[in-house]
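One letter stands for each residue in the lines below.
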Amino acid sequence: MIGGGGHASVLADILMGQGREIIAVISPDSISERPIFDGIAHFQSDDAIEKFSSSDVKLVNGVGFLPRSPLRKKLYQRYTAQGYEFETIIASDASISSYASIASGAQVLTRGIVQTGATIGENTIINTGALVEHDCYIAAHNHIAPKAVLCGQVTTGEGVFIGANATILQNISIKNDAVVAAGATLTMCLDKNTTHYPIRSTEKYT
Ligand code: JB3
């Protein structure tokens, strides 16, 4: 498990619930305040990963993704380039259509929903209770935060962050590294590297 914070603890809960064993946590910060990691070996330097051969272990990307933080993607690309494989994690109570496709290293958490025809890119997080409707194309290294709603045929580029409880209307395309803030409703396409904020009720929507 790379990372030992909030996101990693949620993933550990899912994996342990599925009877999987986590042999080590790699994080510079202490994990002692998180009982879920009790009894698991802890290494503070990423160099420790190379102690484990890529043919013997799978990695879990337990570092979350907040707007404009490159760390999660960087770690993923560094270790896949060294031949390591990242585990694809699907919570037992997530609802994934058998006509949807989930790429390697993607993570669909508790009560996440991915409908028919949808595609989820590698290393992307579909967080707790998020809904990805039919025929959406969600690229790699995205974070669809808790309870976000993506209506049908939404497409995203790489590195997109969609905040908690945001709503994206159907057929909207969101370009690379764009951010939709928590609680916002997006009704038109969003350019790369731009941020869309919720409309304050007093503001006139132009
Ligand atoms: O909003 C939700 C539901 N989850 C958030 C998630 C998506 O993103 C969560 O609330 C946090 O905002 C964030 O989760 P994350 O990344 O677990 O954040 P935090 O709890 O701050 O933990 C970061 C972990 O990454 C810590 O254990 C750090 O030690 C570790 N870390 C930081 N840099 C690193 C590195 N670990 C490794 N292996 N290498 C690093 O370079």
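Anything mentioned here points back to the structure above.
Please read all numbers here as calculations on a predicted model, not as lab measurements. Numbering of residues starts from 1 in every chain and runs along the sequence as written. Local features are withheld for residues below a pLDDT of 70 in this predicted model, meaning they are given only at 70 or higher, and side-chain atom pairs are given and counted only at 80 or more; totals for whole chains, interfaces and linings count all residues. Heavy atoms throughout the structure, all of them, feed into the side-chain values; hydrogens and water do not.

Within a pair of aromatic rings, the relevant descriptors are the distance that separates the centres and the angle that separates the planes. In summary, the pairing rule links any two rings of Phe, Tyr or Trp, Trp by its six-membered ring, whose centres are within 6.5 Å, and it sorts them by plane angle into stacked for under 30 degrees, edge-to-face for over 60 and tilted for everything else. With the rule as written, the count across this model stands at four aromatic pairs. Taken together, a centroid distance of 5.9 Å and an interplanar angle of 90° make the contact between Phe65 and Phe161 edge-to-face. Taken as a pair, Phe65 in the loop between β2 (41-43) and α2 (71-81) and Phe161 in strand β15 (residues 161-162) lie far apart in primary sequence, 96 residues in all. Each of the two residues, Phe65 as well as Phe161, counts as buried. On the basis of an interplanar angle of 35° and a centroid distance of 4.7 Å, the ring pair of Tyr76 and Phe86 is categorised as tilted. Here Phe86 lies in the loop between α2 and β3 (89-90) and Tyr76 lies in helix α2, a separation of ten residues in the sequence. Here Tyr76 and Phe86 have matching classes, each one buried. Elements are defined by DSSP. Helices are runs of H or I of four residues or more, strands are runs of E of two residues or more, and each kind is numbered from the N terminus. Relative accessibility under 20% of the residue-type maximum defines a buried residue, over 50% an exposed one, and the middle range a partly exposed one, all with a 1.4 Å probe and only protein chains included.

It is worth spelling out the side chain of Asn61 at this point. Structurally, Asn61 is set in the loop between β2 and α2. You can call Asn61 buried: its relative accessible area is 1%. We call two N or O atoms a polar contact when they sit within 3.5 Å, provided that within protein one can donate a hydrogen and the other can accept it, with sequence-adjacent residues counted only if both atoms are side-chain atoms. Within the local environment of Asn61, its side chain forms a polar contact with the side chain of Asn123, the two groups lying 3.0 Å apart.

Nonpolar cores were defined as sets of buried Ala, Val, Leu, Ile, Met, Phe, Trp, Tyr and Cys residues, with membership established by side-chain atoms within 4.5 Å. Met1, Ile144, Leu150, Ile162, Ile168, Ile174 and Val180 are the most contacted members of the largest nonpolar core, which totals 42 residues. Here, residues are in contact when the closest pair of their heavy atoms is within 4.5 Å. Once residues within four sequence positions are removed from consideration, Ile162 is found in contact with His143, Ile144, Ala145, Ala148, Leu150, Thr156, Ile168, Ile174 and Val180. One finds Ile26, Val63, Tyr76 and Tyr79 within the second-largest nonpolar core, a separate group that totals twelve residues.

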